[in-house]
Amino acid sequence: MMMIRRITERAASGCFSKNRLLKSSSSRFHGESLDSSVSPVLIPGVHVFHCQDAVGIVAKLSDCIAAKGGNILGYDVFVPENNNVFYSRSEFIFDPVKWPRSQVSEDFKAIAQTYGAMNSVVRVPSIDPKYKIALLLSKQDHCLVEMLHRWQDGKLPVDITCVISNHERAPNTHVMRFLERHGIPYHYVATTKENKREDEILELVKDTDFLVLARYMQILSGTFLKGYGKDVINIHHGLLPSFKGGYPAKQAFDAGVKLIGATSHFVTEELDAGPIIEQMVESVSHRDNLRSFVQKSEDLEKKCLTKAIKSYCELRVLPYGTNKTVVF
């Protein structure tokens, strides 16, 4: 891939100046949530755009914001080599009195229609409802606990509608007490090889915006994925495909690997082969015993998953081709 920055060539007017353009090629907010405290009047928004490449797209988008008194804080553009497509993500601030939220969507929609955009999404975090998600897991709790704590601290911009597991948990455990205290329903849905009870799970998650598999050790069928019709994000250890089957961490430990990892990706019908959102790695050595080895692996998994979800909610993740992603 090649990042081609053409903002200075296209944005001849609007809310950009030449110096501003040079700085905007890498957003100063990259990797961080938009801060609504930037101004007591202006509020932040984010817009992502994906269409066939053409001259003037950046200028058109920037003029749209500038015409309503808005100001761009950061702008990322990606145009792949030998592929006539355009991706962008902009962070901007605006006055919702002068530019009502509904009109923001209409104005960007008009640009999307002009360019026949494959994807055009705008979010205003302080106004728009948070994404509703459901968490699916099996026996391991580490990813769930990490997400619950980040959600409690306001660091994960989602509403957790429920937790679903194919393993039952005692009511006096830390996880169950936490869920009860915060009013998050827990559903125990026992599964077998013959009956994955996917219809029941679909009913439980029908009102969510996307699903998170927080170490859910079941394969979701193509029928389930089509029936749900929205994104499903998964986390797995980065030891695949070399160590398949049961206890891959022990297999890797016994093999004396020196690098472990975790991968967060979208779920497709092909197991563990969906578009990758985030990957993390860490070194291990002969000084690690099996317990420290597993602990490092679990730490990577929960960090990788929460970062992927945060990126997704901040509109940093766009589909690229058939099995890739653009992550701004």
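Scroll up a little and you will see the structure.
A brief structural summary. (Residues numbered from 1 in each chain as written. Predicted model: local features only at pLDDT ≥ 70, side-chain atom pairs only at ≥ 80, totals over all residues. Heavy atoms only, no water.)

Side note on the pairing of strand E9 (residues 232-237)
For a regular strand, the rule is simple: side chains alternate between the two faces of the sheet. The line we're drawing: Throughout this description, buried means an accessible area under 20% of the type-specific maximum (1.4 Å probe, protein chains only), exposed means over 50%, and partly exposed covers the range between. Strands are runs of DSSP state E lasting at least 2 residues, helices are runs of H or I lasting at least 4, and numbering of each runs from the N terminus. Consider the strands pointing away from the viewer: the crossover is right-handed when the path from the first strand over the helix to the second runs clockwise. Strand pairing follows a simple DSSP-based rule, namely that at least 2 bridges must link the two strands.
Of all six residues in E9, six are buried, a share of seventy percent or more. Here E9 shows two buried faces, one formed by Val 232, Asn 234 and His 236 and the other by Ile 233, Ile 235 and His 237. Taken together, strand E8 (residues 210-213), helix H8 (residues 222-228) and E9 constitute a β-α-β crossover, and its handedness is right-handed. Relative to strand E10 (residues 259-266), E9 runs antiparallel, the two sharing five bridges. By the bridge assignment, His 237 is partnered in E10 with Ala 262.

Details of the packing of aromatic side chains
Heads up, the rule is: Ring geometry is summarised as follows: Phe, Tyr and Trp rings, the Trp one being its six-membered ring, pair when their centres sit within 6.5 Å, and such pairs are stacked at plane angles under 30 degrees, edge-to-face over 60 and tilted between the two.
With the rule as written, the count across this model stands at 16 aromatic pairs. Geometrically, the ring pair formed by Phe 92 and Phe 108 is tilted, given 6.0 Å between the ring centres and 50° between the ring planes. In this pair, Phe 92 sits in strand E3 (residues 85-94) while Phe 108 sits in helix H4 (residues 101-115), placing the two residues 16 residues apart along the sequence. Take Phe 92 and Phe 108: they sit in the same class, and that class is buried. Following the ring pairs from residue to residue traces out a cluster consisting of Phe 92, Phe 94, Trp 99 and Phe 108.

None of the figures reported here should be taken as evidence of function without further support.
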